[in-house]
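# Secondary and tertiary structure notes
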Amino acid sequence: MSEPSPAAPNWAVSHNDMANAIRALSMDAVQRANSGHPGMPMGMADVATVLFSRYLKFDPADPNWADRDRFVLSAGHGSMLLYSLLYLTGYPDISLEDIKNFRQLESPCAGHPEYGTAGGIETTTGPLGQGVANAVGMALAERLLNARFGDDVVDHRTYVIAGDGCLMEGISQEAITFAGHLKLSKLIMLFDDNQISIDGPTSLTTSEDQCARFEAAGWHTQSVDGHDPDAVAAAIEAAQASDKPSMIACRTIIGYGSPNKQGTSSTHGAPLGEDEIAATREALGWDHPPFVIPEDILHAWNEAGSRGAAAHQAWADRMEALDSATRDDFFRRDAGILPDGFGQAIVDYKAALVAEPVKVATRKASEMALEVINGVVPETIGGSADLTGSNNTKTKEQGIVAPGDFAGSFIHYGVREHGMAAMMNGMALHGGVIPYSGTFLVFTDYCRPSIRLSALMEQRVIYVMTHDSIGLGEDGPTHQPVEHISSLRAIPNLLVFRPADAVETAESWQLALEWKDAPSVIALTRQGLPQVRLDNAADNLSAKGAYVLMPADGEEQVTLYASGSEVSIAAAARERLQADGIGTCVVSVPCMDLFWWQSDEYQNEVLNRGTVCVAVEAGVQQGWERFIGAEGSFIGMSSFGASAPAGALYEHFGITPENVAAAAKARL
C-alpha cells in the first residue's frame with residue numbers, strides 16, 4: 001500500500017541542519033546528565049534523518065497505528081538518537097523538558113529505551129543484539145498478519161539500527177540466519193559501521209566481513225558512506241526493492257563533529273565535556289544554546305513527522321470499507337483481546353477430563369489443551385526450537401510457516417533458543433499474534449535474557465518448557481533442570497506454572513493466555529502423571545496459585561505442599577499418613593507467583609502454620625521456605641541429577657511418598 005514519498009524534502013532547512021539538531025540534543029542531554037553515550041547518536045544522525053524524513057511510515061498523532069513501520073534501536077545505548085527523533089517529529093510523550101531530564105527518575109528518556117514509557121519506543125533495548133531479534137520477530141508478525149488480512153490491511157516494514165556490539169552477540173546470528181531463511185524482505189537493518197567499541201577499535205576483537213556474513217545468511221547487502229544522505233537514500237530504496245531482508249552497512253564516524261574526539265572510543269560512553277561541546281558547536285556551525293532548536297529546523301522536523309498522516313488516513317478508509325467481521329477480528333487481535341467463547345471452551349474441556357480422567361505426561365496434556373485453544377484462538381502462533389515432537393507444541397491443524405508462505409501458524413525455529421525467545425518478544429510487541437514456543441526447561445538458560453525482557457516489557461509470551469526435572473531420566477544431569485524453576489520464579493512479573501495433571505495444565509494455559517501483561521513459563525513433564533483433579537471443572541483453581549487439593553480427614557496435623565509431578569507423590573504420602581491416623585492436607589502449588597499476589601486472608605488459609613509443613617519438588621528448595629517456615633521440611637534436590645530411568649532417580653534422590661511421610665512424622 002501507499003508509503004510516504006521517498007523524495008528528498010523540499011524544505012529551506014538543509015539535511016545538515018536537521019541532522020545537527022539530533023547531534024546537539026544528544027551531546028547536550030548526555031552532558032547535563034553527566035552520563036550516557038553521545039557518540040552513536042552523533043554518528044548515525046545523518047542516516048536517521050534520511051530514514052525519518054523520507055521513508056519511515058509513521059504518525060506521531062497515533063503512535064500505535066497498526067500499519068505503521070516499526071523502528072527498533074537495537075544499539076540502545078544510543079538512546080538519545082531515538083528520543084531526539086521522537087521529540088523533533090512531534091511525538092507528544094517526549095518533550096524538551098524530558099530530554100533535559102535524560103536518565104533522571106521518572107523521565108521517559110531513560111538510559112536505554114524502555115517500552116511503555118513513551119509512544120514511538122517499540123521495544124526495550126540495551127542488552128545488545130536483543131533488538132535485532134525483536135525486529136526479526138516484528139517483521140515475521142507483519143508477514144503472518146499480511147497472509148491473513150492482505151495488503152490493504154497489513155503492509156509495512158521493520159527498520160532496525162544495529163551496532164558492532166549487536167552483531168558480535170551470538171543472538172544476532174540466530175536471528176539473522178532465521179530471517180534470511182524465511183526471506184523476510186520487509187526487514188531492513190542499518191548497521192552503524194563505526195568500527196569502535198568501548199575498549200577501542202573493533203579490530204581488537206574482530207576481523208569479520210559483515211556483508212559477507214549477511215550474504216551467506218541469505219540477505220541483500222550494501223555498503224555506503226553513512227554521512228552521504230543521497231547514498232543512504234539510494235541504499236534504502238534498493239533495500240526496499242529486494243526480495244530478501246536487507247543490511248546496509250553505513251560507514252560512520254562515531255561522535256561525528258567532535259573535533260578532538262570523533263572516531264575514538266572516548267565518545268562512546270561518556271559526556272564530551274563542556275570544552276569539547278563548545279568546539280563541536282563551532283565545527284558543526286551550530287551556534288545555538290544548549291537545548292535550543294531554531295524554529296525553522298523544528299518546523300522542518302515537524303513536517304517530517306506529519307508525512308505519514310495521509311497514509312494513515314488512507315489505511316483508515318480501507319479499514320472502514322472492510323466487512324465488519326473482518327474489521328472487528330483485526331482490531332480484536334490487535335488489542336490483544338481473546339475471542340468470545342474461549343473461557344467456556346476451557347471449562348467444557350476440563351469437564352470432559354473430570355468425566356474421563358487421563359494419565360498422561362503434562363507435555364501431552366499441554367498438546368491436548370492446545371488442540372482446544374488453537375481451535376478457538378486463531379492468533380496463537382506456535383513453535384519449537386527443533387524439539388517439536390518432544391515439546392508437543394504443534395497441533396493437528398497447524399500449517400508450517402515457510403519461506404514465502406506465512407499462512408501457517410507453526411514455526412520451526414531450529415536450534416536457536418535465545419533468538420526464538422527474543423523473536424517471540426518482537427512478535428508480541430508487534431501485536432495481532434500471541435506467540436508460544438517450546439524447548440527443554442534446562443535450556444531456559446539460553447533464553448533467560450529474553451525471558452527477563454518479556455517480563456520487563458509486560459509482554460504476553462508463553463514459554464512451553466518440557467522435561468522439567470530428573471523425571472526426564474536417562475539424558476542425565478546436563479538435561480535435568482534442578483535450579484531452573486527456582487531461578488525463574490525469581491524474575492519479577494514472570495508467571496511460572498508447574499501443573500500437576502491435565503486439568504491444571506489446561507488451567508495454566510488459560511491463565512497464560514488471559515494474562516495480557518506478563519509472560520509465562522509452563523513447565524511440563526516427560527513422564528506420565530495420574531490425574532489428581534477429579535472434580536470442580538468450572539473454577540480455575542490454579543488462578544489462586546496454590547489451593548487445597550485434598551483436605552485432611554479429621555484434625556489436620558500435617559500440610560504437604562507440592563507442584564507438578566510431585567503432587568501425586570504428596571497425595572500418596574497423605575494416604576500413608578492418614579492410614580496412621582495423622583490428618584493430612586495436600587496443597588497443590590501450580591504457580592507460586594500468583595499465590596503471593598493473593599490476599600493475606602487467603603494466604604493464611606493455605607499456609608496452615610499450626611501444622612507440620614513439608615514441601616516436595618524435584619528441584620532446589622529456594623522459594624519453598626515461605627510455605628514451610630523455619631520448622632518445616634523440604635524433600636527435593638540439593639545436587640545435580642544423574643543418568644538413569646526416572647523411577648530409579650526418584651528413589652535414589654529420596655523423592656518418594658515414604659520419605660515425605662517420614663519427614664512429616666519426624667516433625668510431629
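Let me sum up the structure you'll find in this document. Worth saying up front: this structure is predicted, and the values here are computed from it rather than measured.

## Quick word on the sheet that holds strand β7 (residues 246-251)
Taken in spatial order, the 5 strands of this open sheet run β1-β2-β3-β7-β6, and their pairing is parallel. Two strands in the sheet have a free side with no partner beyond their single neighbour: β1 (70-73) and β6 (220-225). Strand-to-strand twist of the sheet, defined as the mean angle between neighbouring strand axes without regard to direction, takes the value 20 degrees. Bridge analysis of strand β2 (residues 158-163) against strand β3 (residues 187-193) gives 6 bridges, and the strand direction is parallel. Along β3, the bridge assignment pairs Ala-162 with Phe-191.

## As for the nonpolar core
Grouped together as the largest cluster of nonpolar side chains are 131 residues, with contacts concentrated most on Leu-140 and Trp-301. Not counting residues within four places of it along the chain, the set of residues in contact with Leu-140 comprises Phe-178, Leu-182, Leu-184, Val-401, Phe-406, Ile-411 and Met-427.

## A closer look at the pairing of strand β18 (residues 583-588)
With 6 of its 6 residues buried, β18 lies for the most part within the structure. Burial along β18 is two-sided: Gly-583, Cys-585 and Val-587 facing one way and Thr-584, Val-586 and Ser-588 facing the other are all buried. Pairing between strand β16 (residues 547-550) and β18: 3 bridges, direction antiparallel. Across the sheet, the residue bridging to Met-550 is Val-586, located in β18. As paired elements, strand β17 (residues 556-562) and β18 share 6 bridges and run parallel to each other. The residue of β18 that forms the bridge with Tyr-561 is Val-587. Handedness of the crossover joining β17 and β18 through helix α21 (residues 567-579) is recorded here as right-handed.

## Concerning the packing of aromatic side chains
How two aromatic rings sit relative to each other is set out by the distance from centre to centre and by the angle between their planes. Counted by the stated rule, this structure contains 21 aromatic pairs. Look at Trp-624 and Phe-627: their rings are 5.2 Å apart centre to centre, the planes differ by 50 degrees, and that puts the pair in the tilted class. Each member of the pair Trp-624 and Phe-627 is classed as buried. In this structure an aromatic cluster arises from ring pairing among Tyr-561, Phe-595, Trp-596, Tyr-602, Trp-624 and Phe-627.

## Considerations on the pattern of salt bridges
Here the structure, examined in full by the defined rule, presents 22 salt bridges. Among the salt bridges present, the one from Glu-367 reaches Lys-364, with a minimum N-O distance of 3.3 Å. With a gap of 3 residues between them, Glu-367 and Lys-364 both fall in helix α15 (residues 362-376), about one helical turn apart. With its nearest N and O atoms 2.6 Å apart, the salt bridge here joins Glu-566 to Arg-498. Here the residue Glu-566 occupies a position in the loop between β17 and α21, and Arg-498 occupies one in the loop between β13 (495-497) and α20 (502-514), the gap between them amounting to 68 residues. Through salt bridges with shared partners, a single network forms among Asp-468, Arg-489, Arg-498, Glu-566 and Glu-617.

## Structural notes on the packing of helix α1 (residues 15-33) against helix α3 (residues 79-89)
When two helices pack together, their arrangement is captured by the angle between the axes and the distance separating the axes. Orientation of α1 relative to α3, taken along the N-to-C sense of each, is 120 degrees, at an axis distance of 9 Å. Classified by the angle between their axes, α1 and α3 sit oblique to one another. Crossing geometry of α1 relative to α3 is assigned as right-handed. On α3, the residues that touch Ala-21, Ile-22, Leu-25, Ser-26, Ala-29 and Val-30 of α1 are Met-80, Leu-81, Ser-84, Leu-85, Tyr-87 and Leu-88. Partitioned by chemical class, the residues of the contact of α1 with α3 number 10 nonpolar, 2 polar and no charged.

## Observations concerning the sheet that holds strand β9 (residues 380-384)
Strands sit in the order β10-β9-β11-β12-β14-β13 across an open sheet of 6 strands; the sheet is parallel. Both edges of this open sheet fall to β10 (410-412) and β13, since each of them pairs with a single strand only. With strand direction ignored, the average angle separating the axes of adjacent strands in the sheet is 20 degrees. Of the pairings in the sheet, the one linking strand β11 (residues 434-440) to strand β12 (residues 462-466) comprises 5 bridges and is parallel in character. Across the sheet, the residue bridging to Ser-437 is Tyr-463, located in β12. This element, helix α18 (residues 444-457), spans β11 and β12 of the sheet and lies at about 160 degrees to β12.

## Section: the pairing of β7
Moving residue by residue along a regular strand, the side chains alternate between the two faces of the sheet. Counting buried positions over the 6 residues of β7 gives 5, a clear majority of the element. One ladder, built from 6 bridges, connects β3 with β7; its direction is parallel. Bridge pairing in β7 places Asp-193 opposite Arg-251. As judged from the 6 bridges shared by β6 and β7, these two strands associate in the parallel manner. Looking across to β7, one finds that Asp-225 is bridged to Arg-251. The β-α-β motif built from β6, the intervening helix α9 (residues 229-241) and the parallel element β7 has right-handed crossover chirality.

## Some remarks on α18
With 14 residues, α18 extends 18 Å from end C-alpha to end C-alpha; this agrees with the ideal 20 Å at 1.5 Å per step. Burial in α18 covers these residues: Thr-444, Cys-447, Ser-450, Ile-451, Leu-453, Ser-454, Ala-455 and Met-457. Its buried side turned inward, α18 meets α5 (130-149), α7 (170-182), α17 (417-430), β11, β12 and α19 (484-489). Two residues or fewer after α18 comes Glu-458, characterised by a positive phi angle close to 60 degrees.

## Remarks on the packing of helix α2 (residues 39-55) against α3
The geometry of α2 relative to α3 is characterised by a closest axis approach of 10 Å and an angle of 40 degrees between their N-to-C directions. Accordingly, the angle class assigned to the pair α2 and α3 is oblique. Crossing handedness for the pair α2 and α3: right-handed. Contacts from Met-40, Pro-41, Met-44, Ala-45, Ala-48 and Phe-52 in α2 reach Met-80, Leu-81, Leu-85 and Thr-89 in α3.

## Here we look at the side chain of His-467
In this fold, His-467 is placed in the loop between β12 and α19. Sequence-distant contacts of His-467, that is, excluding residues within four places in its chain, are made with Arg-363, Ser-390, Phe-440, Leu-441, Leu-472, His-479, Pro-481, Leu-524, Thr-525 and Arg-526.

## Brief notes about the environment of Glu-617
By the secondary structure assignment, Glu-617 is in the loop between β19 (612-616) and α24 (625-628). Excluding residues within four positions of it along the chain, Glu-617 makes contact with Ile-485, Arg-489, Arg-498, Ser-563, Glu-566, Trp-624, Phe-634, Ile-635, Gly-636 and Met-637. A polar side-chain atom of Glu-617 sits 2.8 Å from a polar atom in the side chain of Arg-489.

Rules of the game
Each chain has its residues counted from 1, running along the sequence as written. Totals for whole chains, interfaces and linings use every residue, but because this is a predicted model, local features are given only for residues with pLDDT of at least 70 and side-chain atom pairs only at 80 or more, for both listing and counting. Only hydrogens and water are removed before side-chain values are computed, so all heavy atoms of the structure are retained for them. At least two DSSP bridges between two strands are needed for those strands to be called paired. Strands here mean DSSP runs of E at least two residues long; helices mean DSSP runs of H or I at least four residues long; both are numbered from the N terminus. Each axis is a line fitted through C-alpha atoms, and for a helix only the stretch in contact is used; angles between axes span 0 to 180 degrees, taken between their N-to-C directions. For this analysis, a nonpolar core means a set of buried residues of the types Ala, Val, Leu, Ile, Met, Phe, Trp, Tyr and Cys, connected via side-chain atoms within 4.5 Å. Each residue's exposure class comes from its accessible area (1.4 Å probe, protein chains only) as a fraction of the maximum for that residue type: buried when under 20%, exposed when over 50%, partly exposed otherwise. The contact definition used throughout considers only heavy atoms, calling two residues in contact when any of these lie within 4.5 Å. The handedness of a crossover follows from its direction of travel: if, with the strands pointing away from the viewer, the path from the first strand over the helix to the second runs clockwise, the crossover is right-handed. In this analysis, rings of Phe, Tyr and Trp, with Trp reduced to its six-membered ring, are considered paired at centre separations within 6.5 Å, and the interplanar angle assigns stacked below 30 degrees, edge-to-face beyond 60, and tilted for intermediate values. Take a side-chain nitrogen of Lys or Arg and a carboxyl oxygen of Asp or Glu: if they are within 4 Å of each other, that pair is a salt bridge. The scheme is simple: roughly parallel for angles under 35 degrees, roughly antiparallel for over 145, roughly perpendicular for 65 to 115, oblique for anything else. In this scheme the handedness of a crossing depends on how the near helix is turned from the far one: anticlockwise by less than a right angle means left-handed, clockwise means right-handed. As a working rule, the residues Ala, Val, Leu, Ile, Met, Phe, Trp, Tyr, Cys and Pro are called nonpolar, Asp, Glu, Lys and Arg charged, and the rest polar, with Gly in that last group. One less than the residue count of a helix, multiplied by 1.5 Å, gives the span that helix is expected to have. N or O atoms closer than or at 3.5 Å make up a polar contact, with two conditions inside protein: a donor-capable atom paired with an acceptor-capable one, and, for residues adjacent in sequence, both atoms drawn from side chains.

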